[in-house]
Amino acid sequence: MKVITKTLTSLSLILLFSLTAFAKGDKKDGQNSQGDPINTKEEINEYIQHHVKDSHDFHLFSYFSGGEEHHVGFPLPVILWGENGLTAFMSSAFHHDDDGKEIVEKGGSNFVRLHGKIYELNAGATEVAFDEAHHPTNASMPIDLSITKSIFGILLLGFLMLLWFSKLAKQYKKKAIPTGFGRVLEPLVLYVRDEIAKPNIGPKYRKFTGYLMTVFFFIWLSNLLGLMPFGFNITGQLAVTAALAILTFVVYMASSNGHFWSHQLWMPGVPYILRPVLAVIELAGTLIIKPFSLAVRLFANITAGHIVVMSLIAIGITMQEQMGAVGSTLLSFVLSLFITLIEVLVAFLQAYIFTMLSALFIGMAVEEPEHH
Amino acid sequence: MEQLLENFSLDLFVKQTILFLVLIFLMVKFAWKPILTALNDREESIQGALDSAEAAKKEMQNLQADNEKLIKQARAERETLLKEAREIKAKMIEDAKGEAKAEADKMIAQAQAAIEAERKSAIADLKSQVASLSVDIAEKVVKSELSNKDKQLGLVEEMLGQATLN
């Protein structure tokens, strides 16, 4: 039993920490509808745009042989709540189509996929009709409960976190000092507790450490997972970062005390005439700017990192005319390696910043008035 | 901003929120709570061990100080005891000497007295013997003298002649 858990931990580690740098090279020959490699700047641009979005299937890479395009990856379950109730099928039913051509008939409804989104055709329609802006006119969007790539990544991370940290928790039952991988995790836990939670929140830190630790490790591991070859981009989804930011918002609003609100609405120590102005500014900060900046900062940093790394890899193709095949490949390799290493740092930094700011906001909300 | 909103997927937002809340719940229950409790306990036990070590050290120091004090006291006591003993010894010797001298003086005095008494009695004895002897001698002399009547008479005559009767 012990051997199995050990192997499982090692495997999960290898999964997370291997092949980081040369990951994206494969994706130059990605998915496209024309059936030939992506060569032009427009195609590369479109590919990058496509990559940073969420997707319904897990696509690792494609290759061409005999003029045919072969995709390597695996389908993910699509779960929809549409006009005719709940429907589920595998994303392979779309046959990698993303232009609304392949129609899947399931549970009495017709579904198509268009630019990464699934539409349900209105009753009677057999083909998607578009308006001038290329928006479908005869289809509606069902509630999408699919296990998309990001959701798959979130589940994977959740599973890994539970596996690693519950194992660490179990170790403490037998001994005071953990061994093996737990010895790596313990300083991280201590770091979040002593460097992020304690100094920013103060004596009431214990209540919030569970939330902060989950946030920290989730963001950090998501960022790292995003640097790996599988093409995850969890924290580069605005929906994900917004969900995290709004949770922080809910936490600090729910735990805020009277002292905090008295400072928000009627700031002591400033002239009376300024107090309403300050209250407006403070309220805007607390209610809108703080969560918004949290969400956008993380989203923008991670998305920008992905786009930069992929663009640098694309130099290998786009600069071929000017520099020759060897020169452009070398340049793209050196630059993308450099940026990927920086991204490893950014992965930690953004997790730290998000958690630290969350702790700071919570600390401001729960701060007790000083007794003089 | 428009692209930002286009990128925003409400489905993903809801799914992430629910999954993340579940993750927080599970992590708090199975990981963070036991880990933080264990860490706290460990830190407290380390602190306790350090404190008790400090206390033991202090106690040790106290004990050592006590010991030193005791040793000092014992040393001083020994010192005084030795001093007293020496004094007693000297005094005893002194006393013994005095006593012995007194005894000797007494004995000498006694001996002298005895000698004196012996001497006196010897002298008395001698005197009496001398007296009886002289009486005897005198008796014998007188007897022999007196036996010669003529001579006696001549002597009386001579003596009477010498005595001038005024």
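Fair warning: this is a prediction, and the values are worked out from it, not measured in the lab.

Draft legend 1. Region of interest: the overall build of chain A. From N to C terminus, chain A includes nine helices and nine strands. Nonlocal contacts in chain A, meaning residues at least 24 apart in sequence, comprise 59% of its contacts between residues at least 6 apart.

Draft legend 2. Spotlight on the overall build of chain B. On a plain count of helices and strands, chain B comes out with three helices and zero strands. For a compact globule of 166 residues, the expected C-alpha radius of gyration is about 15 Å, and chain B comes in at 66 Å, more than 25% above that figure. Dimensions of chain B along its principal axes, counting C-alpha atoms only, are 205 × 35 × 15 Å. Across the 166 residues that make up chain B, the buried fraction comes to 8%.

Draft legend 3. The sheet that holds strand E3 (residues 77-82) of chain A, seen in detail. The strand order E4-E3-E9 (chain A) describes an open sheet built from three strands, whose pairing is antiparallel. Among the strands making up the open sheet, the edge pair consists of strand E4 (85-90) and strand E9 (143-144) of chain A.

Draft legend 4. Structural view of the domain arrangement of chain A. Examined at the domain level, chain A breaks down into domain 1 (77-146) and domain 2 (150-366). On a C-alpha basis, the centres of domain 1 of chain A and domain 2 of chain A stand 34 Å from each other.

Draft legend 5. Expanded view of the nonpolar core. With 67 residues, the main nonpolar core has A:Phe165, A:Leu212, A:Phe216 and B:Ile35 as its most contacted residues. Within the residue set of this core, elements represented by two or more residues are helix H3 (149-174), helix H4 (182-201), helix H5 (206-226), helix H6 (238-254), helix H8 (275-318) and helix H9 (320-366) of chain A together with helix H2 (10-147) of chain B. Broken down by element, the residue count for this core peaks at 13 residues, all from H5(A). For A:Phe165, the contacting residues outside a window of four places in its chain are A:Leu185, B:Met27, B:Ala31 and B:Ile35.

Draft legend 6. A look at the interface of chain B and chain A. Across the boundary between the two partners, chain B contributes 26 residues, which contact 34 residues of chain A. For the side of chain B that touches chain A, the element with the most residues is H2(B), which contributes 22 residues. Split into classes, the residues belonging to the side of chain B that touches chain A amount to 19 nonpolar, four polar and three charged.

Draft legend 7. Here's a closer look at the packing of helix H2 (residues 41-52) of chain A against H8(A). Residue and element names in this part refer to chain A. Where H2 meets H8, the closest approach of the two axes is 10 Å, and the angle between their N-to-C directions is 150°. Judged by the angle between their axes, H2 and H8 are roughly antiparallel. The interaxial crossing formed by H2 with H8 has right-handed handedness. Within the contact between the two elements, H2 uses Lys41, Ile44, Ile48, His51 and Val52 and H8 uses Thr303, His306, Ile307, Met310, Ser311, Ala314, Ile317 and Thr318. Classifying every residue of the contact of H2 with H8 gives seven nonpolar, five polar and one charged.

Draft legend 8. Structural detail: the sheet that holds strand E7 (residues 117-121) of chain A. All names here are of chain A. Judged by pairing direction, the sheet is antiparallel, and its four strands sit side by side in the order E5-E6-E7-E8 without closing on themselves. Because the sheet does not close on itself, it has two edges, and the strands there are strand E5 (104-106) and strand E8 (139-140). Across four bridges, the pairing between strand E6 (residues 109-114) and E7 is antiparallel. From the neighbouring strand, Phe111 faces E7, where its bridge partner is Glu120.

Draft legend 9. Here's a closer look at the packing of H5(A) against H2(B). The contact between H5(A) and H2(B) brings their axes to 9 Å, and the two run at 110°. In terms of orientation, H5(A) and H2(B) fall into the roughly perpendicular class. Residues A:Thr209, A:Gly210, A:Tyr211, A:Met213, A:Thr214 and A:Phe218 of H5(A) touch H2(B), and the partners they reach there are B:Leu23, B:Ile24, B:Met27, B:Val28, B:Trp32 and B:Leu36. Class assignment of the residues belonging to the contact of H5(A) with H2(B) gives a composition of nine nonpolar, three polar and no charged.

Cut-offs used in this document
- Residues numbered from 1 in each chain as written.
- Chains lettered and ligands numbered in written order.
- Predicted model: local features only at pLDDT ≥ 70, side-chain atom pairs only at ≥ 80, totals over all residues.
- Helix = DSSP H or I, 4+ residues; strand = E, 2+ residues; numbered from the N terminus.
- Contact = placed C-beta atoms within 7 Å.
- Rg over C-alpha atoms; globule rule 2.2 N^0.38 Å.
- Buried ≥ 20, exposed ≤ 12 C-beta atoms within 10 Å, placed from the backbone.
- Pairing = 2+ DSSP bridges.
- Domains from an automatic or database assignment.
- Core = buried A, V, L, I, M, F, W, Y, C linked by C-beta atoms within 7 Å.
- Nonpolar A, V, L, I, M, F, W, Y, C, P; charged D, E, K, R; others polar.
- Axes fitted to C-alpha atoms, helices over the stretch in contact; angles between N-to-C directions.
- Parallel < 35°, antiparallel > 145°, perpendicular 65-115°, else oblique.
- Left-handed = near helix turned anticlockwise from the far one by under 90°.

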